[in-house]
Amino acid sequence: MYTSYFYHAEKLDMYLEIVTVDDTYVCRIDYVDDPEDKNTDDLSDVAKTCFNELDLYFDNKLVTFTFPIKYMKGTLFQQSVWDELRKIPFGETLSYKELALKCGGANYSRAVANANGKNPISIVIPCHRVISSDGTLGGYTSGTDKKQALLDHEGVIWK
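Criteria and thresholds
- Residues numbered from 1 in each chain as written.
- Predicted model: local features only at pLDDT ≥ 70, side-chain atom pairs only at ≥ 80, totals over all residues.
- Heavy atoms only, no water.
- Phe/Tyr/Trp six-rings, centres within 6.5 Å; stacked < 30°, edge-to-face > 60°.
- Helix = DSSP H or I, 4+ residues; strand = E, 2+ residues; numbered from the N terminus.
- Buried < 20%, exposed > 50% of the residue type's maximum accessible area, 1.4 Å probe, protein only.
- Axes fitted to C-alpha atoms, helices over the stretch in contact; angles between N-to-C directions.
- Parallel < 35°, antiparallel > 145°, perpendicular 65-115°, else oblique.
- Contact = heavy atoms within 4.5 Å.
- Nonpolar A, V, L, I, M, F, W, Y, C, P; charged D, E, K, R; others polar.
- Pairing = 2+ DSSP bridges.
- Salt bridge = Lys/Arg side-chain N within 4 Å of Asp/Glu carboxyl O.
- Arc of directions from axis to C-beta.

Caption draft 1: Geometry of the packing of aromatic side chains. Taken as a whole, this structure holds nine aromatic pairs when the rule is applied. Here the aromatic rings of Tyr-7 and Phe-51 are separated by 5.2 Å at their centres, their planes lie at 85°, and the arrangement is edge-to-face. Linking Tyr-7 in strand β1 (residues 2-9) with Phe-51 in helix α1 (residues 45-58), this pair joins segments that are 44 residues apart in sequence. Phe-51 sits in the buried class, given a relative accessible area of 10%.

Caption draft 2: Seen up close, the packing of helix α2 (residues 76-85) against helix α4 (residues 109-117). Between α2 and α4, the shortest axis-to-axis distance is 9 Å and the interhelical angle comes to 80°. With respect to α4, the axis of α2 lies roughly perpendicular. Of the residues in α4, those in contact with Phe-77, Gln-78, Val-81, Trp-82 and Leu-85 of α2 are Ala-111, Val-112, Ala-115 and Asn-116. Considered class by class, the residues forming the contact of α2 with α4 number seven nonpolar, two polar and no charged.

Caption draft 3: Up close: the sheet that holds β1. Taken in spatial order, the three strands line up as β1-β2-β3 in an open sheet, and their pairing is antiparallel. The sheet terminates laterally at β1 and β3 (25-32), the two strands that pair on one side only. Strand-to-strand, the axes of this sheet are offset by a mean angle of 25°, without reference to chain direction. Across eight bridges, the pairing between β1 and strand β2 (residues 14-21) is antiparallel. Across the sheet, the residue bridging to Ser-4 is Val-19, located in β2. Sheet contacts for α1: β1, β2 and β3; angle to β1, the most-contacted strand, approximately 20°.

Caption draft 4: Seen up close, the pattern of salt bridges. Tallied over the entire structure, the rule returns four salt bridges. Of the charged contacts, one joins Arg-28 and Asp-30 as a salt bridge, the two residues approaching to 2.9 Å between their closest N and O atoms. You can call Arg-28 partly exposed: its relative accessible area is 32%. Here Glu-84 and Lys-87 are joined by a salt bridge, their closest N and O atoms 3.4 Å apart.

Caption draft 5: Structural view of the pairing of β2. For β2, the buried fraction is high: eight of the eight residues fall into the buried class. Across the two faces of β2 the burial is the same, with Met-14, Leu-16, Ile-18 and Thr-20 and Tyr-15, Glu-17, Val-19 and Val-21 all buried. Where β1 hands over to β2, the hairpin turn is made up of four residues, of which Asp-13 adopts a positive phi near 50°. Sheet topology note: the β2/β3 ladder contains seven bridges and is antiparallel. Across the sheet, Val-21 pairs through a bridge with Tyr-25, a residue of β3. Between β2 and β3, which pair antiparallel and follow one another directly, the connecting turn spans three residues, one of which, Asp-22, has a positive phi of 55°.

Caption draft 6: Structural detail: the environment of Lys-97. Position of Lys-97 among the secondary structure elements: in helix α3 (residues 96-102). Classification of Lys-97 by relative accessible area gives partly exposed; the value is 45%. In this structure, the C-alpha to C-alpha distance between Lys-97 and Ala-113, residues 16 residues apart in sequence, is 9.4 Å. Every residue in contact with Lys-97, bar those within four places of it in the chain, is listed here: Ser-109 and Ser-133.

Caption draft 7: Region of the structure containing helix α5 (residues 144-153). Residues Lys-147, Leu-150, Leu-151 and His-153 constitute the buried set of α5. With its buried residues spanning 160° around the axis, α5 presents them on a single face. Buried-residue contacts for α5 involve β2, β3, α1, α3 and β5 (130-131). Following α5 by one or two positions, Gly-155 has its phi on the positive side, about 80°.

These results come straight from atomic positions and should not be treated as a statement about function.
So, in structure tokens, the structure goes:
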């Protein structure tokens with residue numbers, strides 16, 4: 001059973017929809033517009049942990065998320081890309097080409113970018129840390145304004 005919760009990242013003025021499966025794992029984190037239903041009174045344990053860790057992340061007191069996640073979709077290749085993304089440290093970036101080399105070869109850049117675009121758990125699977133080889137932002141499914149805000153939050157210097 002899926003349950004949605006809404007989190008407000010006040011420092012960046014972003015709203016996130018946190019989706020859990022069986023109130024045991026987080027399976028999606030999506031950017032949303034200001035939701036009408038902001039009730040967060042009955043958070044499951046995993047949602048409480050997720051909210052707490054997001055608070056710590058946005059307060060610059062957490063660099064690695066530990067709450068349980070579960071991929072509900074995605075090919076094996078996409079999941080391997082998402083696993084590789086989780087290895088990019090807070091405040092650092094990797095180019096699409098460098099990520100492609102870690103995931104099978106230089107010719108995989110387009111496939112890696114496609115997998116980034118299908119990332120189901122934004123911020124936790126930090127696809128915002130992947131930039132173009134020339135040092136520019138590149139794309140971001142949720143908008144480059146969000147990517148820029150997250151990289152700025154992490155203190156990343158980019159072109």
